[in-house]
Amino acid sequence: MPDLTLHGYWRSSAAWRVRIALALKGLPYATVAHDLRTGAQAAAAYRACNPQGLVPALDTGEGQEAPLTQSLAIIEWLEETQAQPALLPADPLGRARVRAMAQVIACDVHPLGNLRVLKALRGDLGADEAQVAAWLARWMGDGFAALETMVAQWGGAFAFGDAPGLADCCLVPQIYAARRFGVGLGAYPRLVAIDARCAGLAAFAMAHPAAQADADPS
Ligand SMILES: N[C@@H](CCC(=O)N[C@@H](CS)C(=O)NCC(=O)O)C(=O)O
């Protein structure tokens, strides 16, 4: 594996997913931090890495190749280039189920609570903080309720079965976001238990926002 460089931000959920995957696979990588609070992700130089002006991007160290973008695509690339430990099950049905769980978060929940979306709610639409909180609670609640059901069907110690994988990479940062924004988690005991189990693993601890070099001192 060539030298990897992850462009991210300590509190970015999408970058955090990739950090978890890298840590679970035991892959070393360098980091470049882009402070989302100052809009660094929108700078022209960074858009050469990610035309969307979002983190993460992963420089694969492969010469002239542009960095990879989109956290799930990056994790799938990691899975295809460094198969073990696997983040997806071996059978096609299981793989589809894990991808579905990951996408509940990555496609249907996280985008609605993203920085630029919250900025648009507050700025363009004039939403106040109570309205923003209700918005976040609504979309996170819908996604968590579905995931709680999916975990009841297919989960074990982790979101799918008894090994951490792609679904956990997406779940853990979203649970952190829920706590950060005051979204109640009482209705999702399975998700909370999985989050706690993940927190006990070294790979998840290394990937945690508080462990990143660019984290705010707490
Ligand atoms: N679907 C993308 C989402 C990337 C994304 O939205 N990143 C956020 C941080 S979690 C970001 O860069 N936000 C900056 C902004 O909204 O301006 C992925 O999974 O990589």
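Since the model is a prediction, treat every value here as computed from it, not as a measurement.

### Some points on the overall build of the protein chain
Each helix and strand in the protein chain was counted, giving nine helices and four strands. Secondary structure of the protein chain in N-to-C order comes out as β-α-β-α-β-β-α-α-α-α-α-α-α. Expected size for 218 residues packed as a compact globule is a radius of gyration near 17 Å; at 17 Å, the protein chain falls within 12% of this value. The C-alpha extent of the protein chain, read off along each of the three principal axes, is 45 × 45 × 30 Å. For the protein chain, the residues scored as buried account for 38% of the 218 residues in total.

### What about the pairing of strand β2 (residues 30-33)?
Alignment of strand β1 (residues 5-8) against β2, held across four bridges, turns out to be parallel. Bridged to G8 within β2 is A33. Running through helix α1 (residues 13-24), the crossover from β1 to the neighbouring parallel element β2 is right-handed.

### A look at the site of the ligand
Taken together, the neighbourhood of the ligand is formed by 15 residues, with S12, L54, S71, L115 and R116 sitting nearest. Of all the secondary-structure elements, those providing two or more residues to the shell around the ligand are α1, α3 (71-81) and α5 (115-123). Residue composition of the shell around the ligand, by class: eight nonpolar, six polar and one charged. There are two domains that each give the shell around the ligand at least three residues, and those are domain 1 (5-85) and domain 2 (92-203).

### Thoughts on the packing of α1 against α3
α3 packs onto α1 with a crossing angle of 10° between their chain directions and a minimal axis gap of 9 Å. By the angle between their axes, α1 is roughly parallel relative to α3. Along its contact with α1, which presents A14, R17, V18, A21 and L22, the element α3 presents S71, I74, I75 and L78. When grouped by side-chain class, the residues that make up the contact of α1 with α3 number seven nonpolar, one polar and one charged.

### Some details on the sheet that holds strand β3 (residues 57-59)
Read across the sheet, four strands follow the order β2-β1-β3-β4 without closing on themselves; strand pairing throughout is mixed. At either margin of the open sheet sits one strand with a lone partner, and together these are β2 and β4 (68-69).

### Considering unusual backbone geometry
Of note, the amide linkage connecting V55 to P56 takes the cis form, showing an omega dihedral of 10°. In this fold, P56 is placed in the loop between α2 (44-47) and β3. For Q70, which is not glycine, the phi dihedral falls at a positive 70°. Accessibility expressed as a C-beta count within 10 Å gives 18 for Q70, which makes it partly exposed.

### Details of the pairing of β1
Where β1 lies against β3, three bridges are found, and the strand directions are antiparallel. By the bridge assignment, L6 is partnered in β3 with L58.

### Here's the deal with helix α4 (residues 92-108)
Taking 1.5 Å as the rise per residue, α4 with 17 residues should run 24 Å; its terminal C-alpha atoms sit 22 Å apart, in good agreement. In α4, a bend of some 35° at A102 exceeds every other bend along the element. Where the residues of α4 are buried, they touch α3, α6 (129-154) and α7 (166-180).

### Things to note about the domain arrangement of the protein chain
By a widespread convention, an interface's size corresponds to the accessible area lost as its parts come together. Assigned domains of the protein chain: these are domain 1 (5-85) and domain 2 (92-203). Using C-alpha coordinates to define each centre, domain 1 is positioned 20 Å away from domain 2. Every contact between the two is made by 11 residues of domain 1 and, on the other side, 13 residues of domain 2. Listing elements by their share of the side of domain 1 that touches domain 2, those giving two or more residues are α1 and α3. Among the residues forming the side of domain 1 that touches domain 2, the class breakdown is eight nonpolar, two polar and one charged.

About the cut-offs
- Residues numbered from 1 in each chain as written.
- Predicted model: local features only at pLDDT ≥ 70, side-chain atom pairs only at ≥ 80, totals over all residues.
- Helix = DSSP H or I, 4+ residues; strand = E, 2+ residues; numbered from the N terminus.
- Rg over C-alpha atoms; globule rule 2.2 N^0.38 Å.
- Buried ≥ 20, exposed ≤ 12 C-beta atoms within 10 Å, placed from the backbone.
- Pairing = 2+ DSSP bridges.
- Right-handed = clockwise from strand over helix to strand, strands pointing away.
- Near = placed C-beta within 6 Å.
- Nonpolar A, V, L, I, M, F, W, Y, C, P; charged D, E, K, R; others polar.
- Domains from an automatic or database assignment.
- Axes fitted to C-alpha atoms, helices over the stretch in contact; angles between N-to-C directions.
- Parallel < 35°, antiparallel > 145°, perpendicular 65-115°, else oblique.
- Contact = placed C-beta atoms within 7 Å.
- Expected span 1.5 Å × (residues − 1).
- Bend = angle between axes of the 7 residues up to and from the residue.

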